[in-house]
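# Working through the structure, step by step
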There are 2 protein chains.
Amino acid sequence: LGSSKVLWDTVAIVGVGLIGGSLGQALRERKLVRQIVGIGRRRSSLRLAKSRGAVDRTSLSVRTGVTEADLVVVCTPVQMIAEQVLEACTFAPPHAVVTDTGSTKREIVATVERHGGGRLRFVGAHPLAGSERAGPEHARADLFEGRLCVLTPTGRTESEALRAVQRLWRSVGARTCVLDPEQHDRLLAYTSHAPHVIAIALMRGLAEEAEPFVASGFLDTTRIAAGLPDLWVPIVAQNRDAILGAVDRFLKELDQLRDAISHYDVAQLRRIWSEAAQRRARLGRVSNQQGRRKQQPPDA
Amino acid sequence: LGSSKVLWDTVAIVGVGLIGGSLGQALRERKLVRQIVGIGRRRSSLRLAKSRGAVDRTSLSVRTGVTEADLVVVCTPVQMIAEQVLEACTFAPPHAVVTDTGSTKREIVATVERHGGGRLRFVGAHPLAGSERAGPEHARADLFEGRLCVLTPTGRTESEALRAVQRLWRSVGARTCVLDPEQHDRLLAYTSHAPHVIAIALMRGLAEEAEPFVASGFLDTTRIAAGLPDLWVPIVAQNRDAILGAVDRFLKELDQLRDAISHYDVAQLRRIWSEAAQRRARLGRVSNQQGRRKQQPPDA
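Residues numbered from 1 in each chain as written. Chains lettered and ligands numbered in written order. Predicted model: local features only at pLDDT ≥ 70, side-chain atom pairs only at ≥ 80, totals over all residues. Heavy atoms only, no water.

### Some remarks on the relation of the copies chain B and chain A
Test applied: To line up the copies, we fit them by least squares on C-alpha atoms, keeping just the residues with pLDDT of at least 70 in both. Contact criterion: two residues are considered in contact whenever any of their non-hydrogen atoms come within 4.5 Å of each other.
Superposing chain B onto chain A takes a rotation of 180 degrees combined with a translation of 0.0 Å along the rotation axis, leaving an RMSD of 0.0 Å. Taken together, these values place the two copies in the relation of a two-fold axis. Across chain B, the smallest distance between a C-alpha and the rotation axis is recorded for Thr 221 of chain B, namely 1.9 Å. With an isologous cut-off of 70% or more, the 100% of interface residues of chain B that recur at the interface of chain A puts this contact in the isologous class.

### Looking at the interface of chain B and chain A
Spelled out, the test is: Values labelled buried area give the accessible surface lost by two parts on being combined, using a 1.4 Å probe and summing over both. Salt bridge, as applied in this entry: a Lys or Arg side-chain nitrogen positioned within 4 Å of an Asp or Glu carboxyl oxygen.
Taken together, the contact pairs 84 residues of chain B with 84 residues of chain A. In this assembly, chain B packs against chain A so that about 8,800 Å² is buried in total across both faces, 66% of it on carbon and sulfur atoms. It is Arg 204, Phe 213 and Trp 273 of chain B that lose the most area in chain B upon contact with chain A, and together they represent 11% of the buried surface on that side. Counting the contacts that link chain B with chain A gives 14 salt bridges.

### Let's talk about the nonpolar core
Filter applied, for reference: Among the buried residues, those of types Ala, Val, Leu, Ile, Met, Phe, Trp, Tyr and Cys that are joined through side-chain atoms within 4.5 Å form a nonpolar core. The cut-offs for exposure are 20% and 50% of the maximum accessible area for each residue type, with area from a 1.4 Å probe on protein chains only; residues under the lower value are buried, those over the upper are exposed, and the others partly exposed.
Core analysis: the biggest nonpolar cluster contains 139 residues, and Val 72 of chain A together with Val 72 of chain B have the highest contact counts within it. Aside from chain neighbours lying at most four places away, what touches Val 72 of chain B is Ala 12, Val 14, Val 66, Ala 88, Ala 92, Val 97, Val 98 and Thr 99 of chain B.

### Remarks on the pairing of strand E1 (residues 8-14) of chain A
Along any regular strand the residues' side chains alternate between the sheet's two faces. Keep this limit in mind: Secondary structure elements are defined from DSSP: runs of H or I of at least 4 residues count as helices, runs of E of at least 2 residues count as strands, and each element is numbered from the N terminus. If the strands point away from the viewer and the path from the first strand over the helix to the second runs clockwise, then the crossover is right-handed.
Taken across its seven residues, E1 of chain A has six buried, putting it largely inside the fold. Taken together, E1 of chain A, helix H1 (residues 18-29) of chain A and strand E2 (residues 33-39) of chain A form a β-α-β motif whose crossover is right-handed.

### Some remarks on the sheet that holds strand E8 (residues 175-178) of chain A
Residue and element names in this part refer to chain A. What counts here: Pairing between two strands requires that DSSP report at least two bridges joining them. Axes, fitted as lines to C-alpha atoms, cover a helix only where it is in contact. Angles between the N-to-C directions of the axes lie from 0 to 180 degrees.
Sheet architecture is open: eight strands sit in the order E3-E2-E1-E4-E5-E6-E7-E8, paired in mixed fashion. Two strands bound the open sheet, and with one partner strand each, they are strand E3 (57-59) and E8. Each neighbouring strand pair of the sheet contributes to a mean axis angle of 25 degrees, computed without reference to strand direction. Against the sheet, H1 engages E1, E2, strand E4 (71-74) and strand E6 (122-127), with an angle of about 165 degrees to E1.

### Digging into the side chain of Thr 191 of chain A
Applied cut-off: We define a polar contact as two N or O atoms separated by no more than 3.5 Å, with the added condition that, inside protein, one atom must be a possible hydrogen donor and the other a possible acceptor, whereas residues neighbouring each other in sequence contribute only through side-chain atom pairs.
If you trace the backbone, Thr 191 of chain A turns up in helix H7 (residues 181-204). Within the structure, the side chain of Thr 191 of chain A is placed 3.3 Å from the backbone oxygen of Phe 213 of chain B, a separation counted as a polar contact. If we ignore the near neighbours within four places in the chain, the residues touching Thr 191 of chain A are Leu 206, Ala 210, Phe 213, Val 214 and Phe 218 of chain B.

### Concerning the sheet that holds strand E5 (residues 97-100) of chain B
Residue and element names in this part refer to chain B. Here eight strands make up an open sheet; going across it, the order is E3-E2-E1-E4-E5-E6-E7-E8 and the pairing mixed. Taken across any chain shown, the strands that pair with only one partner, and hence form the sheet edges, are strand E3 (57-59) and strand E8 (175-178). When strand polarity is set aside, the average angle formed by the axes of neighbouring strands in this sheet is 25 degrees.

### Here's the deal with the packing of helix H10 (residues 240-262) of chain A against helix H7 (residues 181-205) of chain B
The relative placement of two packed helices comes down to the angle between their axes together with the axis-to-axis distance. We apply this condition: Roughly parallel means an angle under 35 degrees; roughly antiparallel, over 145; roughly perpendicular, 65 to 115; everything else is oblique. Crossing handedness is defined as follows: a turn of the near helix away from the far one that is anticlockwise and smaller than a right angle gives a left-handed crossing, while the clockwise case is right-handed. Under this grouping Gly is polar, as are all residues other than the nonpolar Ala, Val, Leu, Ile, Met, Phe, Trp, Tyr, Cys and Pro and the charged Asp, Glu, Lys and Arg.
At a minimum axis separation of 8 Å, H10 of chain A and H7 of chain B run at an interaxial angle of 135 degrees. Looking at the two axes, H10 of chain A sits oblique to H7 of chain B. As H10 of chain A runs across H7 of chain B, the sense of the crossing is right-handed. When H10 of chain A is examined against H7 of chain B, the residues Arg 249, Phe 250, Glu 253, Leu 254, Gln 256, Leu 257 and Ile 261 of chain A are found in contact with a partner set consisting of Val 197, Ile 198, Ile 200, Ala 201, Leu 202, Arg 204 and Gly 205 of chain B. Looking at the contact of H10 of chain A with H7 of chain B, its residues break down into nine nonpolar, two polar and three charged.

### Some remarks on the packing of aromatic side chains
Ring pairs (aromatic) are described by centroid distance and by the angle formed between their planes. Defined as follows: Only the six-membered ring of Trp is used, alongside the rings of Phe and Tyr, when aromatic pairs are assigned; centres must lie within 6.5 Å, and planes under 30 degrees apart are stacked while those over 60 apart are edge-to-face, with the rest tilted.
Within the structure shown, the criterion is met by five aromatic pairs over all chains. Summarising the aromatic geometry, the rings of Phe 250 of chain A and Phe 250 of chain B are spaced 6.1 Å apart at their centres and angled 85 degrees between planes, so their arrangement reads as edge-to-face. Residue Phe 250 of chain A is found in helix H10, and its partner Phe 250 of chain B is found in helix H10 (residues 240-262); the two belong to separate chains. Pair check on accessibility: Phe 250 of chain A and Phe 250 of chain B agree, each one buried. Plain terms: the ring middles of Trp 273 of chain A and Trp 232 of chain B are 6.5 Å apart, the flat faces sit at 5 degrees to each other, and that makes the pair stacked. With Trp 273 of chain A in helix H11 (residues 266-283) and Trp 232 of chain B in helix H9 (residues 229-238), the pair connects residues from two separate chains. Just as Trp 273 of chain A is buried, Trp 232 of chain B falls in that class too.

### Thoughts on helix H6 (residues 159-171) of chain B
Residues and elements named next belong to chain B. As a reminder of what qualifies: For a helix, the expected span equals 1.5 Å multiplied by the number of residues minus one.
Under the 1.5 Å per step criterion, the end-to-end length of H6 is 18 Å for 13 residues, consistent within 8% with the ideal 18 Å. Among the residues of H6, Ala 161, Leu 162, Ala 164, Val 165, Gln 166, Leu 168, Trp 169 and Ser 171 are the ones counted as buried. Looking one or two residues past H6, Gly 173 carries a phi angle of roughly 95 degrees, positive in sign.

### Some remarks on the side chain of Thr 99 of chain B
The residue Thr 99 of chain B is located in strand E5 in this model. Among residues more than four places away in sequence, those in contact with Thr 99 of chain B are Leu 71, Val 72, Val 73, Val 74, Phe 122, Val 123, Gly 124, Ala 125, Val 165 and Leu 168 of chain B.

### Regarding the pairing of strand E5 (residues 97-100) of chain A
Residues and elements named next belong to chain A. Neither face of E5 is exposed, since Val 97 and Thr 99 on one face and Val 98 and Asp 100 on the opposite face are all buried. In the sheet, E4 pairs with E5 via four bridges, with the strands oriented parallel. Bridge pairing in E5 links Val 74 to Asp 100. In this fold, E4 hands off to helix H4 (residues 78-91), which returns the chain to E5; that crossover is right-handed. Of the pairings in the sheet, the one linking E5 to E6 comprises two bridges and is parallel in character. Among the inter-strand pairings, Val 98 is bridged to a residue of E6, identified as Phe 122. Once the chain exits E5 it traverses helix H5 (residues 106-115) before rejoining the sheet at E6, and the crossover so formed is right-handed.

### Overview of the pattern of salt bridges
When charged atoms on two side chains of opposite charge get close, those side chains can pair. A full pass over the atoms with the stated rule returns 32 salt bridges over all chains. Where Arg 271 of chain B meets Glu 275 of chain B, a salt bridge forms, and the shortest distance between an N and an O atom there is 3.1 Å. Note that Arg 271 of chain B and Glu 275 of chain B are positioned in helix H11 (residues 266-283) at a spacing of four residues, about one turn of the helix. What makes Arg 271 of chain B partly exposed here is its relative accessible area of 37%. When salt bridges that share partners are traced, they join Arg 204 of chain A together with Glu 253, Arg 271 and Glu 275 of chain B into one network.

### Here we look at the environment of Leu 23 of chain B
All names here are of chain B. Along the chain, Leu 23 falls in helix H1 (residues 18-29). With 95 residues separating them along the chain, Leu 23 and Gly 118 place their C-alpha atoms 29 Å apart. Discounting residues that sit within four places of it in the chain, Leu 23 has contacts with Ile 13, Val 73, Phe 144, Leu 168, Trp 169 and Val 172.

### Examining the environment of Glu 83 of chain A
Mapping Glu 83 of chain A onto the fold places it in helix H4. In sequence terms Glu 83 of chain A and Ile 108 of chain A are 25 residues apart; their C-alpha atoms lie 8.8 Å from each other.

### Some details on the environment of Gly 40 of chain A
All names here are of chain A. Turning to its location among the elements, Gly 40 is positioned in the loop between E2 and helix H2 (43-51). Owing to a relative accessible area of 16%, Gly 40 belongs among the buried residues under this scheme. Residues Gly 40 and Ser 61 lie 21 residues apart in sequence; the distance between their C-alpha atoms is 6.8 Å.

None of the figures reported here should be taken as evidence of function without further support.
Here's what the structure looks like:
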């Protein structure tokens, strides 16, 4: 899982929260980089990231933080990514590779391509790892181990840049695969974005007097509803149509279930329930972790 | 958490799956009972329960299994409970107390009262503990520790029987509270039954090609969808109206969210999301576990 020879001299991480902080810790722990520059807007987060071993140096601006970088990884909320990627492309050395970790890809990649010139040293990426807990205080060097990282190169992406970003994620224990930006957003609407919306509705639909009777089932089902609105509302806005499509497909299924329940159609209910229970059991506990997953995405 | 003096000479447990098996293990481990009789229809389950230390003796019939019992606990799927409770009331010694662990209470309690004579030594109960994994092989002596057990006595319940069932659940580490059977079913529709229905719909709505991109968020959100249809379809049938009510309240919330998303109403989306995220964070990780819960239900 990744050699321990130094792969980069200088890596700049823009945004040192859960994802950026974990990436910094993973790279430093495995001694894959000589120095990491942490870039952020708040001194307190940068201090915390440094004290937790995620970064060696810190900077309050992308412009000055990336000047020595061989690799820039933008790990900020999705609505900030495209602009910071373009800034990094402008101020990093010409050989530098730039990537991101945003949960949406279509709009970010399109914006970067619209403003970014011809061939690009930028590769969109999305490691499928995270938590409802944000901030450098929750960062963990093993966050990406066994997880899948989706890369979204386009016809304009330099192949050398794609290889560098593959190397990055594999070096911290992740698997990689390649999707179109649009395909990524459509699939992630099903597996992540729409479930977040549904968990929020489930949380809001809980009658107040029922709260004391909540048990582990409800809590697991709504865990992702605790995600920060500052991170999630922009994701929803950037992937609106795919999310609405996935929500509507869910609503069609719920409607069918609701009909079977209201007509006491036990045979139909049993058929619907059995198929879903079997499919869920097949997915396993953490299907995108190496060694446990049942389905293999196309490797990058 | 429960003294270790012997509280009962003979306890009969009807149904030695996850709940019955865990209760037997908990009672034996704490030496709260001289002997436990396990009652079930399948020899293989009874053998497994005995080999795992959940029961001392076994019987294939309620009629013969309860003849010496001071306490009978019916832990079978909800559609079987009322009949087995009535059978236990008929064939157990006159001083015996009978209780159950079903996830619904209204129909079970009403059926027992309709056929059960005047004052009743039966108390409906529902320990809020469990798992999507069924069977004696998943039983654990600590399953009920720190969990809440809802008791549903009525005006016809002998107060001595209520005290005995309180003692049972407290002796294995649970807290107890009292609700009307109807109130129990209405509240559990919100916290457990409707979330199961929604998780099933979410599982069915997942596009097949998205499966490889499922991560821990989706898996947690749909964990309860792996519950056995044989256990869950009868629960849904017995609590139809309350479940439809909770599903409709959820649908109203989802509709509001869907509107905000489709109109790009970011301010509204942020307000909805923030309220839900804060409420979810307040509920904590496992709110019905002792020491972590924020809201206290009325104690029994």
